[in-house]
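This is what each chain is made of:
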Amino acid sequence: GKAVIFGSAQRRKTSLMERKSRIMLIESNSKLIMIGDSVTDFERSRPRGEGLFGGIGKSYVSLVDALLNVTYPQSRIRVINMGTSGDNIRNLKARWQTDVLDLKPDWLSILIGINDVWRQFDTPLIPENHVPLEEYRQTLDELVSITQPKLKGLVLMAPYFMEPNRSDPMREMM
């Protein structure tokens, strides 16, 4: 599959010609599903996060949708937010068929893992809520393996680093 990078660490003004010459990997009339936890969800509509009046939610998904619409308005890329607050990799697997495969995306973006780590710290006495790293890896690999052959492209995003406090056990685990 192909990969796409949104944004750049380098900040400079670009000419109209430079912007027009960039290669867009997502083809016109494609469907991009973005799935994950609350970081993705952030007040999206149900059952699918798309459409007018904030239907796509207020997360980074809305920024990606806006960027695509402003930069490539003729492309008509349909962005759908399928994030669910509180989800971990187990929850994602349980809804994979309905929230990804049944929607037949051309492109898929996955951001999951914050709650897989967090539950080990916010509910330490409920071990059945804890997702070991190896289970996380195996489940994510399984979901990607069954889905990637059906896609034109896949974007995997790692759970983000919250703060540089390496002495905090949760931050170190991230």
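On a predicted model such as this, the values are computed, not experimentally measured, just so you know.

1. Overview of the pattern of salt bridges
And then number 1: For the coordinates displayed, the defined rule picks out twelve salt bridges.
And then number 2: One salt bridge in this structure joins Arg95 and Asp87, with 2.6 Å as the shortest N-O distance.
And then number 3: Residue Arg95 is classed as buried on the basis of its relative accessible area of 11%.
And then number 4: Members of the salt-bridge network, linked through shared partners, are Glu27, Asp106 and Lys152.

2. Considering the sheet that holds strand β3 (residues 107-111)
And then number 1: Strand order across the open sheet formed by four strands is β2-β1-β3-β4, with parallel pairing between neighbours. The open sheet has two free edges, formed respectively by β2 (78-81) and β4 (153-157), since each of these has just one partner strand. Taken over all neighbouring pairs, the strand axes of this sheet differ in orientation by 15 degrees on average, direction set aside.
And then number 2: Examined bridge by bridge, strand β1 (residues 31-36) and β2 share four bridges and lie parallel to one another. By the bridge assignment, Lys31 is partnered in β2 with Arg78.

3. Focus: unusual backbone geometry
And then number 1: The omega torsion across Arg46 and Pro47 is 5 degrees, close enough to zero to call that bond cis.
And then number 2: Along the chain, the position of Pro47 falls in the loop between α2 (38-41) and α3 (60-71).
And then number 3: Its identity is not glycine, yet Asn29 carries a phi of approximately 60 degrees, on the positive side.
And then number 4: The residue Phe53 is not glycine, and still its phi comes out positive at about 60 degrees.
And then number 5: Topologically, Phe53 is positioned in the loop between α2 and α3.
And then number 6: Phe53 gets classed as exposed once you look at its relative accessible area, which sits at 85%.

4. Observations concerning helix α6 (residues 133-147)
And then number 1: The terminal C-alpha atoms of α6 lie 21 Å apart, and with 15 residues this matches the ideal 21 Å at 1.5 Å per residue to within 8%.
And then number 2: Here α6 has its buried residues at Tyr136, Thr139, Leu140, Leu143, Val144 and Thr147. Burial along α6 is one-sided: seen end-on, the buried residues are contained in an arc of 130 degrees. Of the exposed residues in α6, the ones pointing more than 90 degrees away from its buried face are Asp141 and Ser145.
And then number 3: Buried positions along α6 lie against α4 (89-99), β3, α5 (114-122) and β4.

5. Thoughts on the side chain of Arg95
And then number 1: Structurally, Arg95 is set in helix α4.
And then number 2: When sequence neighbours within four positions are dropped, the list of residues in contact with Arg95 reads Ile35, Gly36, Met82, Gly83, Thr84, Asp87 and Val100.

About the criteria used
Residues numbered from 1 in each chain as written. Predicted model: local features only at pLDDT ≥ 70, side-chain atom pairs only at ≥ 80, totals over all residues. Heavy atoms only, no water. Salt bridge = Lys/Arg side-chain N within 4 Å of Asp/Glu carboxyl O. Buried < 20%, exposed > 50% of the residue type's maximum accessible area, 1.4 Å probe, protein only. Pairing = 2+ DSSP bridges. Helix = DSSP H or I, 4+ residues; strand = E, 2+ residues; numbered from the N terminus. Axes fitted to C-alpha atoms, helices over the stretch in contact; angles between N-to-C directions. Expected span 1.5 Å × (residues − 1). Arc of directions from axis to C-beta. Contact = heavy atoms within 4.5 Å.

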